[in-house]
Amino acid sequence: MNTILPLNNSPVSYSPAISNPQLNPNKPYHIPLNAVDSIQKIGKASDAKMIPAKMLLSLLNSGLNDTKVDEKFFKGRTYADWVNMYNLSLDSAVTPMLLNGIEKNPNIKVPEDVLNNMKETKTFAVKYHKHQEKILGEFSDFTKSQGIDTVQMKGIGFSMNYPDPTVRFGGDIDVFNFKHGTNPADPKNNMSLATDKAASKTGIEVLTNHGPKHSEIKYKGMPIENHRNFLNVEVAPIHKKMNEYLYKHIKPVEQILPNGTKILVPSKEFNNVFISFHAMQHFVGGGINFHHLADWAMQVKKHGLTIPEEAKGSKYEQFMYAFTNLANKHLGTNVKVPENKKLEDEIFRRMVHIENKVGIDIQPPKHKNPVSIVVYKFRKMAALNARKNEFWQINNSVIKSCVKSIIEHCKNPKTFITVFTKLM
């Protein structure tokens, strides 16, 4: 998930996948703002202090469960604490869930402008959820007309595991398509390419430059990731192994969304792996946040935890345990698993420090000259490479990663200048 920008004076930038989501491309949905400028000047959501993160988790736990917060913890909280909590919640796409927690605890005093912006964010999330339901229903009808069944993964389908599905914000829509009336676990029934072709024939924009895992279908302005595979099978053996598991256990079932739309969603066994592996990929590559933890807590609370045989003995198994313990400690689940405090702490730090996706301790250079920028980027690449080697249990060299990066720049020479001028 990419960093979600705070509210500003344009239509809401609240999606990890859509830079400027609009309920209707011809009629942008604008939100009136409330003293946002003063909010942004206080500080960023990535403040190293833990108080805003603890505030967030306390309210998130209350919003997701029938629990009250410890009111004493919220007494004496500063305006900056509330602002930092708000920004962190926005970065993690959980603001509406926090507002549900605030509404369950009327004695907590929230600064008026922060509270108003949280309400506006929730209003948008609910409208966007309804819009996604409409789009998904139409797209499913389209594929059905082609003799293809569509299974929706994560996102709006998974939101039905939440006590209030409409506040679970999703950026794009992930789908898997298979031939109607057949076994979706059989690769020959995968209709991903056929769906791309059918969409293109009707004039729908289809982007195939997103790698081998999926294409992107722009259906009425909504990005729909059309999966060939569920995981990046070319990355490491564990990806390939768990991708095969997901095929075997997809076993679609019908789900009815809040406004009555009937869709297909994968089995609980599928979600047990897909939700947690997705979170682990964000942890390894950068960008894990409290949105991922909330999803995992809802999965574990409703269906418990099962460690697949294919995952045993891997770093993925360790991640599942650590992530479950974080859900136990902060979001009300109760599943006894082995403890790995070092890994739990590292995951937690990365959820708080969303701004530094690769190396929390690798700070940007003070003087942005070409040499310092290149050195900084190399250090980040080395840190990312080391993390991938550790968690994917592979042995790629950082030099190999550098060569791969250079090759990509050679394909588009204009980007070479950014190697020496931009930190990102």
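A quick note: this is a predicted structure, and the numbers were derived from the prediction, not measured.

Asker: Explain the nonpolar core residue by residue, including any values.
Answerer: Ranked by internal contacts, the top residues of the largest apolar core, which has 78 residues, are Phe 230, Phe 290, Phe 323 and Ile 347. Ranked by the residues each element gives to this core, the list is headed by helix 10 (residues 268-285), at nine residues. Among residues more than four places away in sequence, those in contact with Ile 347 are Phe 283, Ile 288, Phe 319, Ala 322, Phe 323 and Leu 326. Core analysis: the next-biggest nonpolar cluster, separate from the first, contains 23 residues, Ala 125, Phe 142, Ile 204 and Val 206 among them.

Asker: An account of the environment of Thr 208 is needed here, citing residue identities and associated values.
Answerer: If you trace the backbone, Thr 208 turns up in the loop between strand 3 (205-207) and strand 4 (214-219). Residue classification places Thr 208 among the exposed positions, given a relative accessible area of 58%. As a C-alpha pair, Thr 208 and Leu 193 span 15 residues in sequence and 10.0 Å in three-dimensional space.

Asker: Quick one: what's the story with the pairing of strand 4, residue by residue and with numbers?
Answerer: Judged by how many residues are buried, strand 4 sits mostly within the fold: five of six residues are covered. From the end of strand 3 to the start of strand 4, which pair antiparallel, there are six residues, and Gly 211 there has a positive phi angle of about 95°. As consecutive antiparallel partners, strand 4 and strand 5 (residues 222-227) are separated by two residues, and within that stretch Lys 220 has a phi angle of approximately 50°, a positive value.

Asker: Mind laying out the layout of surface pockets, listing which residues take part and the relevant values?
Answerer: The calculated volume of the second largest pocket comes to roughly 210 Å³. Lining the second largest pocket are 13 residues, and of these Ser 140, Lys 144, Lys 262, Ile 263 and Leu 264 sit closest to its centre. Secondary structure elements with two or more residues in the lining of the second largest pocket: helix 6 (112-145), strand 1 (148-153) and strand 7 (262-265). Looking at which element gives the most residues to the lining of the second largest pocket, the answer is helix 6, with five residues. Of the residues that constitute the lining of the second largest pocket, the class distribution is three nonpolar, five polar and five charged.

Asker: So what about a nonpolar patch on the surface? Which residues, and what values?
Answerer: On the surface, Phe 378, Ile 399, Val 403 and Ile 407 cluster together into a nonpolar patch covering about 360 Å² of accessible area. Among the elements that take part in the nonpolar patch, helix 15 (residues 398-411) stands out by supplying three residues, more than any other. Of note, Ile 407 is situated in helix 15. Residue class for Ile 407 comes out partly exposed when judged on its relative accessible area of 44%.

Asker: An account of the pattern of salt bridges is needed here, citing residue identities and associated values.
Answerer: Summed over all chains, the structure comprises 16 salt bridges. Measuring nitrogen to oxygen at the nearest pair gives 2.7 Å for the salt bridge that ties Asp 196 to Arg 228. Placement of the pair is Asp 196 in helix 8 (residues 192-201) and Arg 228 in the loop between strand 5 and helix 9 (237-249), with a sequence separation of 32 residues. Here the two residues Asp 196 and Arg 228 agree in accessibility, since each one is buried. For Lys 315, the salt bridge goes to Glu 390, with nearest N and O atoms at 3.4 Å. Of this pair, Lys 315 sits in helix 12 (residues 315-330) while Glu 390 sits in helix 14 (residues 370-392), and the two are 75 residues apart along the sequence.

Asker: Which residues make up the confidence of the model for the protein chain, and what values do they have?
Answerer: Close reading of the predicted structure is inappropriate where its pLDDT is low. When the pLDDT values of the protein chain are averaged, the result is 86; 86% of them are 70 or greater. Every residue in residues 1-48 is under pLDDT 50, and counting partners more than four places away or in other chains gives 119 contacts.

Asker: Any chance you could break down the side chain of His 239 for me, citing the residues and the numbers?
Answerer: Within the secondary structure, His 239 is located in helix 9. Residue His 239 is classed as buried on the basis of its relative accessible area, which comes to 1%. Not counting residues within four places of it along the chain, the set of residues in contact with His 239 comprises Leu 231, Asn 232, Val 233, Phe 277, Gln 281 and Trp 392.

Asker: Would you mind going over the packing of aromatic side chains in detail, with residue names and values included?
Answerer: What the rule picks out here adds up to 19 aromatic pairs. Plain terms: the ring middles of Phe 270 and Phe 274 are 5.1 Å apart, the flat faces sit at 40° to each other, and that makes the pair tilted. Of this pair, Phe 270 and Phe 274 both sit in helix 10, four residues apart, which is roughly one turn of the helix. Taking relative accessible area as the criterion, Phe 270 reaches 0% and is therefore assigned buried. Residue Phe 274 is classed as buried on the basis of its relative accessible area of 4%. Geometrically, the ring pair formed by Phe 277 and Trp 392 is stacked, given 5.7 Å between the ring centres and 15° between the ring planes. Note that Phe 277 is positioned in helix 10 and Trp 392 in helix 14, a separation of 115 residues in sequence. The same class applies to Phe 277 and to Trp 392, which are both buried. Linked through ring pairs, Phe 176, Phe 230, Tyr 247, Phe 270 and Phe 274 together constitute an aromatic cluster.

The rules behind the values
Residues numbered from 1 in each chain as written. Predicted model: local features only at pLDDT ≥ 70, side-chain atom pairs only at ≥ 80, totals over all residues. Heavy atoms only, no water. Core = buried A, V, L, I, M, F, W, Y, C linked by side-chain atoms within 4.5 Å. Buried < 20%, exposed > 50% of the residue type's maximum accessible area, 1.4 Å probe, protein only. Helix = DSSP H or I, 4+ residues; strand = E, 2+ residues; numbered from the N terminus. Contact = heavy atoms within 4.5 Å. Pairing = 2+ DSSP bridges. 1 Å grid on protein atoms, 1.4 Å probe; cavity = no way out; pocket = protein on both sides within 12 Å on 5 of 7 lines; lining within 4 Å. Points joined across faces, edges and corners; volume = space filled by probe spheres on them. Nonpolar A, V, L, I, M, F, W, Y, C, P; charged D, E, K, R; others polar. Patch = residues over 30% accessible without salt bridge, like charges linked within 9 Å, V, L, I, M, F, W, Y side chains within 5 Å. Areas by Shrake-Rupley, 256 points an atom, 1.4 Å probe, with all protein chains shown as cover. Salt bridge = Lys/Arg side-chain N within 4 Å of Asp/Glu carboxyl O. pLDDT = per-residue confidence, 0-100. Phe/Tyr/Trp six-rings, centres within 6.5 Å; stacked < 30°, edge-to-face > 60°.

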